[in-house]
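Understanding the architecture of this molecule
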Amino acid sequence: MKNSNVTIRKRLAITLFFSILLYFLLLARFAYVQLFAGQELMDKAENLWTRDVPFDAKRGQILDRNGHVLAYNVSVPSVMLIPSQIVDKDETAFQLAHILEIDRDKIDKLVRKRQLLVWIAPEGRRISEEKAQAIGALQLPGVLIVEDSQRYYPHGELAAHILGFTGVDNQGLTGVERQYDQRLVGNRGYISFYADAKGKMMPNQSERFLPPRDGEDLYLTIDINIQKIIERELDSAVQQFQPDNILAIAMDPGNGEILGMASRPTYHPGQYREYESEIYNRNLPIWKTYEPGSTFKVITLAAAIEEGQVDLHRDHFFDPGYAMVGGARIRCWKHGGHGSQSYLQVVENSCNPGFIAMGQRLGKDRLFDYIRRFGFGQKTGVDLPGEGTGILFKLDRVGPVELATTSFGQGVSVTPIQQVAAISAAINGGYLVQPHVGKQWVNPESHEVTEIINVPKGEQVISEETSTKVREALESVVANGSGRAAYLDGFRVGGKTGTAQKVGPNGRYLANEHIVSFIGFAPADEPAVVIYVAVDNPSGIQFGSVVSAPVVQKIMEDVLEYLEVEPRKNQLPKQYRWGDPILYEVPDLRGMSIDELRQSYFQLPIEVTGHGEQVIMQSPAPGTKVEEGKRIRIYLGDNLQEKN
């Protein structure tokens, strides 16, 4: 009995001990919850009760350098589900599948999801007004028609590869839409309220609204008028030459601002799903890599002049039609060669053996050093996704033949944007510039500039003196050499042609397929624009001088007029050859009487309009140079006007 009492007392003591311990543990837990974890647990509980209805921010506009809108958002209806409020899930799924024309099984899964809000994507996003009205008329519980936004490109295909497009959630996928997505998209807002397990708003509870912050507006360096000129001429060239593809870039060589850039084939950014992915994913001016051909000779020329290896006027070279290098015969494009010529004529004639001689004088170390300093073999840093890098020979694998072919642009792989940047450095005083399309950010509400996108000036590759000599040589190419088809009367245009064989899948050159190109700039004394056009496998004659140079000439003529560039009086005269159109200067006929006209002789035919005794107006304007056979239209009247 005594042992039994002792056992009982021990058990009571143990029970009391654990009871007191449990009490203090609970007390400690209560203290911890109250003093330390209370707010966290309260937040978790609030999150369980809280329902957030999101409101997307308005995506920032994209505009050209002068404020013309290139992309903006428009309001469109979309379908949103609140599964917990859907009463008849089968009937709701049936009705929505019928109107939205989508698979019934997909809707069945969506209406049964354990989520507060569910999008029907992509079929229920940005639907037509007719479909929205049809769904709204059904008044289905848990089915909402909400305001959504959609990206709109008012100019259709214009600048498609520059702008890019957005996805179903308004996120940038390509082009500047992707490059600058973080600042364009803005910050989402929402309405927050307390709801029960079925998602219904709890009574006597207030709502909280956090307004969205719209994305900033992005101004580009692109000029919509220059962009239209470029795309018009590309479309014309496609009709004429039926190439595999064609591309063009127009840039300010002084600061790297891209004024226009396009390629064909192209697409409509708002309808990108209707095109092959290769079309909208490949921005050819920055992505495409190929052998440049003779446009690359400008780099060899600049390096040779900078290093004092050639004097364009005093040094001479004899071209027999080929050059023997390392036991290989490398031919000139002209059968029989150019004979004896100055090095300026080597440049004018785009003579391969002459450029091989320049490369040999430089040596592989110096030539490849200049090639890399001009930006080849690396990305330019253009603010667009998908830029290529090109391919150069490794220096330890460059032998005599590789040095020779590189000197005239064969055996290396470059991108169009690299070539534009490199040629810009050769003509702008020697500074490598970084091409770019972003110009500045603007607050959409205050319209104040929040940031100017500054692109630092690159290193000086060649001297100002060398750059001047390069400009003069390339101006001579247009006046007297292979680039004569780009000549513009009244303007000093410089440039260089390029014709490069394409490489086939087996790594061998294709005999009858070429990429023909021309890069031109004007005015030659103070370059305002550099324009590059490359045509891939045009039908018919495949020479840059015949195909690409005229396209650049047409673009250049309209761009210079648009930029209000003044004509130059000290232009190099064009060396006319058989078959070239003869130009005549239009005389000033204003104020002349009918009798004076009859007694005078003019080299151009005259077409008379109106009635009267004196010429009061004429077209084209006096001093304009026009081709032989073009008519001068004069307008007669009775009031004599003074000559301007």
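Please refer to the structure placed before this passage.
Residues numbered from 1 in each chain as written. Predicted model: local features only at pLDDT ≥ 70, side-chain atom pairs only at ≥ 80, totals over all residues. Heavy atoms only, no water.

**Structural notes on the overall build of the chain**
Summing up its helical and strand segments, the chain has 18 helices and 24 strands in all. Its C-alpha atoms give the chain a radius of gyration of 36 Å, clearly above 26 Å, the size a compact globule of 644 residues would have. Dimensions of the chain along its principal axes, counting C-alpha atoms only, are 145 × 75 × 45 Å. Taking all 644 residues of the chain together, the buried fraction comes to 48%. Considering only residue pairs separated by 6 or more positions, the chain has 70% of its internal contacts joining residues 24 or more positions apart. The chain carries 68 positive and 79 negative side-chain charges, and their two centres are separated by 9 Å. (Helix = DSSP H or I, 4+ residues; strand = E, 2+ residues; numbered from the N terminus. Rg over C-alpha atoms; globule rule 2.2 N^0.38 Å. Buried < 20%, exposed > 50% of the residue type's maximum accessible area, 1.4 Å probe, protein only. Contact = heavy atoms within 4.5 Å. Lys, Arg positive; Asp, Glu negative; His and termini not counted. Charge placed at Lys NZ, Arg CZ, Asp CG, Glu CD.)

**Considerations on the packing of helix α11 (residues 297-306) against helix α16 (residues 464-480)**
Where α11 meets α16, the closest approach of the two axes is 9 Å, and the angle between their N-to-C directions is 135°. Between α11 and α16, the crossing angle belongs to the class labelled oblique. Crossing of α11 over α16 shows right-handed handedness. Contact residues: α11 offers Val-298, Leu-301, Ala-302, Ile-305 and Glu-306, while α16 offers Thr-466, Lys-469, Val-470, Ala-473 and Leu-474. (Axes fitted to C-alpha atoms, helices over the stretch in contact; angles between N-to-C directions. Parallel < 35°, antiparallel > 145°, perpendicular 65-115°, else oblique. Left-handed = near helix turned anticlockwise from the far one by under 90°.)

**Looking at the nonpolar core**
If you look at the biggest cluster of nonpolar residues, it comprises 93 residues, and the most contacted ones within it are Val-176, Leu-220, Phe-374 and Phe-376. With nine residues, the single largest contributor to this core is helix α13 (residues 352-373). Ignoring sequence-local partners within four residues, the contact set of Leu-220 consists of Ile-62, Leu-63, Asp-64, Arg-65, Leu-70, Ile-162, Leu-163, Val-176, Val-437, Gly-438 and Lys-439. (Core = buried A, V, L, I, M, F, W, Y, C linked by side-chain atoms within 4.5 Å.)

**Focus on the environment of Ser-593**
Looking at the secondary structure, you find Ser-593 in the loop between β20 (583-585) and α18 (594-598). Taking the C-alpha atoms as reference points, Ser-593 and His-436, separated by 157 residues in sequence, lie 56 Å from one another. The residues touching Ser-593, leaving out its near neighbours within four places in the chain, are Glu-613 and Gln-614.

**Structural notes on the side chain of Gln-542**
Tracing the backbone through its elements, the reader meets Gln-542 in the loop between β19 (529-536) and α17 (548-562). Beyond its immediate sequence surroundings of up to four residues, Gln-542 is in contact with Thr-499, Asn-512, Glu-513, His-514, Val-516 and Asn-537.

**Things to note about α16**
Between its first and last C-alpha atoms α16 spans 24 Å; for 17 residues at 1.5 Å apiece the expected length is 24 Å, and the two agree. Most of α16 sits out of view: twelve of its 17 residues are buried. Of all the positions in α16, only Thr-466, Ser-467, Val-470, Arg-471, Ala-473, Leu-474, Glu-475, Ser-476, Val-477, Val-478, Ala-479 and Asn-480 are classed as buried. Packed against the buried residues of α16 are α11, α12 (343-349), α15 (416-427), β17 (494-503) and β18 (509-522). (Expected span 1.5 Å × (residues − 1).)

**Considering the pattern of salt bridges**
By the definition in use, this model includes 30 salt bridges. Residues Arg-373 and Asp-369 are paired through a salt bridge, measuring 3.8 Å at the closest nitrogen-oxygen approach. On the criterion of helical spacing, the pair formed by Arg-373 and Asp-369 is a turn pair, its members being four residues apart in helix α13. Arg-373 gets classed as partly exposed once you look at its relative accessible area, which sits at 23%. Here Asp-525 ties to Arg-568 by a salt bridge, and the two come within 3.2 Å at their closest N and O atoms. Of this pair, Asp-525 sits in the loop between β18 and β19 while Arg-568 sits in the loop between α17 and β20; the two residues are 43 residues apart in sequence, bridging distant segments of the chain. Classification of Arg-568 as buried rests on a relative accessible area of 19%. (Salt bridge = Lys/Arg side-chain N within 4 Å of Asp/Glu carboxyl O.)

**Comments concerning the pairing of strand β10 (residues 258-264)**
The element β10 is extensively covered by neighbouring structure, given that seven of its seven residues are classed as buried. Counting the residues that bridge the hairpin from strand β9 (residues 245-251) to β10 gives six residues, and of these Gly-256 lies at a positive phi of roughly 80°. (Pairing = 2+ DSSP bridges.)

**Considering the sheet that holds β9**
Sheet architecture is open: five strands sit in the order β10-β9-β19-β18-β17, paired in antiparallel fashion. The open sheet terminates on both sides in strands that have one partner only, identified here as β10 and β17. Within this sheet the neighbouring strands show an average axis-to-axis angle of 10°, counted without direction. Pairing analysis gives seven bridges linking β9 to β19, with the strands arranged antiparallel. Bridged to Leu-247 within β19 is Ala-534. Strands β17 and β18 of the sheet are contacted by α16, whose axis makes an angle of about 75° with β17.

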